[in-house]
Amino acid sequence: MSLLHFATRHQILQVLCELGLNTRPAHKTLKTCVAMSHPSSTIADFRKFFAKAKHIAIITGAGVSAESGVPTFRGPGGFWRKWKAEVPAHPSDMKKMTQRENDKCWRDCERTYALLPALRVDPTILESTDLATPETFMKNPSLVWEFYHYRRELMLTKNPNPAHIAIAECEARLSVQGRRVVVITQNIDELHRKAGTKNLLEIHGSLFKTRCISCGNVAENYKSPICPALEGKGAPDPDVPEARIPVEKLPKCEEKGCNGSLRPHVVWFGENLDPKILDKVNKELAACDLCLVVGTSSVVYPAAIFAPHVSARGVPVAEFNMETTPVTQNFRFHFSGPCGTTIPEALACHESESVC
């Protein structure tokens, strides 16, 4: 069995179990999913579902922030200096399972897996990152903090684009009507928060939160620079030498009596996602009656499994992306183009709304 096959199967099993999606979909759902091999791109048809939806889940990825000038660290250009910087999908991102748990989970979920023949893992994201790992942080915290300092400073210069704003405005407008919109994002840039989104689940953490490796305290941190020693550091040019900042001058915990080292509160390669966040995601996806997938390639786990499972239970899913993805055929709608153009039109006030 190849590593690629193992990664796909193993991750799907664990994510489905982690989310509590351990029931077999009914035959009716199977027929519904198969029938969606040719997604519609008719905005008027999507708007009919939008007008009736009471609970909308919006799953977003790097593509929604790319239009704000945020580097995605994906593909051939996904490097900072010489380091591979993206966060990969890999079995070790998930909690370990015993063979018995694995077998039971597979029996429960095998039909759901069968609904997703196009789901695959991009081989490029199976590579070792070398940078965004807890091991690298322990060995060279100065280097890792240079990278995250660069990203933090960059994000302080970026603003939400029309897609972020349209999502936030839609949430605010529909909440007055007793309707719910929740954003489930893979992004750590906080642009949704900056745009005004309130119901936000950041499954990979945030650039602007830190976690103490001694006491575990998590805190918001918008300091610029985050510590004096990092000022002017972190330039992405591959010829820039490492700053090699002593650990005692790197960010420190401000909790009384601690002074432990801080790390970015983001999910790194080899780390588990927060089970509390995943539980909230599961509840939102189980309750939604319309799902949007915005700016994501649908190959990074566990988010890659969210929308396909929602679609498998008969809920309309609309994908908004520059191009089709491995799971496009499982969705009712697909809209190609920049998210900053397609999302505002899709989420604009509908003529049936009493408050706009």
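Just so it is clear, the model here is predicted, and its values are computed rather than measured. (Residues numbered from 1 in each chain as written. Predicted model: local features only at pLDDT ≥ 70, side-chain atom pairs only at ≥ 80, totals over all residues. Heavy atoms only, no water.)

*Asks:* Could you give an account of the environment of C288, with specific residues and numbers?
*Replies:* Within the secondary structure, C288 is located in the loop between helix 10 (275–287) and strand 9 (290–294). What makes C288 buried here is its relative accessible area of 3%. As a C-alpha pair, C288 and R180 span 108 residues in sequence and 8.8 Å in three-dimensional space. (Helix = DSSP H or I, 4+ residues; strand = E, 2+ residues; numbered from the N terminus. Buried < 20%, exposed > 50% of the residue type's maximum accessible area, 1.4 Å probe, protein only.)

*Asks:* So what's going on with the sheet that holds strand 7 (residues 218–220)? Which residues, and what values?
*Replies:* Pairing is antiparallel in the open sheet, where three strands are placed in the order 7-6-8. Whereas interior strands pair on both sides, the edge strands pair on one side only; in this sheet they are strand 7 and strand 8 (262–266). Averaged over all adjacent pairs, the angle separating strand axes in this sheet is 45°, with direction ignored. Across three bridges, the pairing between strand 6 (residues 205–212) and strand 7 is antiparallel. Looking at the pairing, R211 lines up with V218 of strand 7. (Pairing = 2+ DSSP bridges. Axes fitted to C-alpha atoms, helices over the stretch in contact; angles between N-to-C directions.)

*Asks:* Hey, could you go over the environment of C291 for me, with residue numbers and the actual values?
*Replies:* Within the secondary structure, C291 sits in strand 9. Distance from C291 to V310, taken between C-alpha atoms, is 7.5 Å for residues 19 residues apart in sequence. Once residues lying within four places of it in the same chain are set aside, the contact partners of C291 are A57, I59, A307, V310, V315, P316, V317 and A318. (Contact = heavy atoms within 4.5 Å.)

*Asks:* Give a description of the packing of helix 8 (residues 162–176) against helix 12 (residues 339–347) that names residues and reports values.
*Replies:* Closest axis-to-axis distance for the helix 8/helix 12 pair is 7 Å, and the angle between their directions is 20°. It follows from the interaxial angle that helix 8 and helix 12 lie roughly parallel. Seen from above, helix 8 lies across helix 12 with left-handed handedness. Contacts between helix 8 and helix 12 involve P162, A163, A166, I167, C170 and R173 from the former and C339, G340, I343, P344 and L347 from the latter. (Parallel < 35°, antiparallel > 145°, perpendicular 65-115°, else oblique. Left-handed = near helix turned anticlockwise from the far one by under 90°.)

*Asks:* Pulling in residues and values, what's your account of the nonpolar core?
*Replies:* Formed by 26 residues in total, the largest nonpolar core has its most connected members in W145, Y148 and W268. Residue assignment for this core shows that the elements contributing at least two residues are helix 7 (141–155), strand 6 and strand 8. Per-element tally for this core: the top contributor is helix 7, with seven residues. Residues in contact with W145, not counting those within four places in the same chain, are F137, R152, T210, I226, L230, L250, P251, L262, R263 and P264. Judged by nonpolar contacts, the second largest core, of 25 residues, contains F46, A166, L200 and F320. (Core = buried A, V, L, I, M, F, W, Y, C linked by side-chain atoms within 4.5 Å.)

*Asks:* Describe the sheet that holds strand 1 (residues 55–60), and please don't skip the residues or the numbers.
*Replies:* Overall, parallel pairing links the six strands, which are arranged 5-4-1-9-10-11 in an open sheet. Pairing within the sheet leaves two strands with one partner each, and these edge strands are strand 5 (200–202) and strand 11 (333–336). If you compare each strand with its neighbour and ignore which way they point, the axes differ by 15° on average. Of the strand pairs in this sheet, strand 4 (residues 180–185) and strand 5 are connected by three bridges, and their pairing is parallel. Bridge pairing in strand 5 links V183 to L200.

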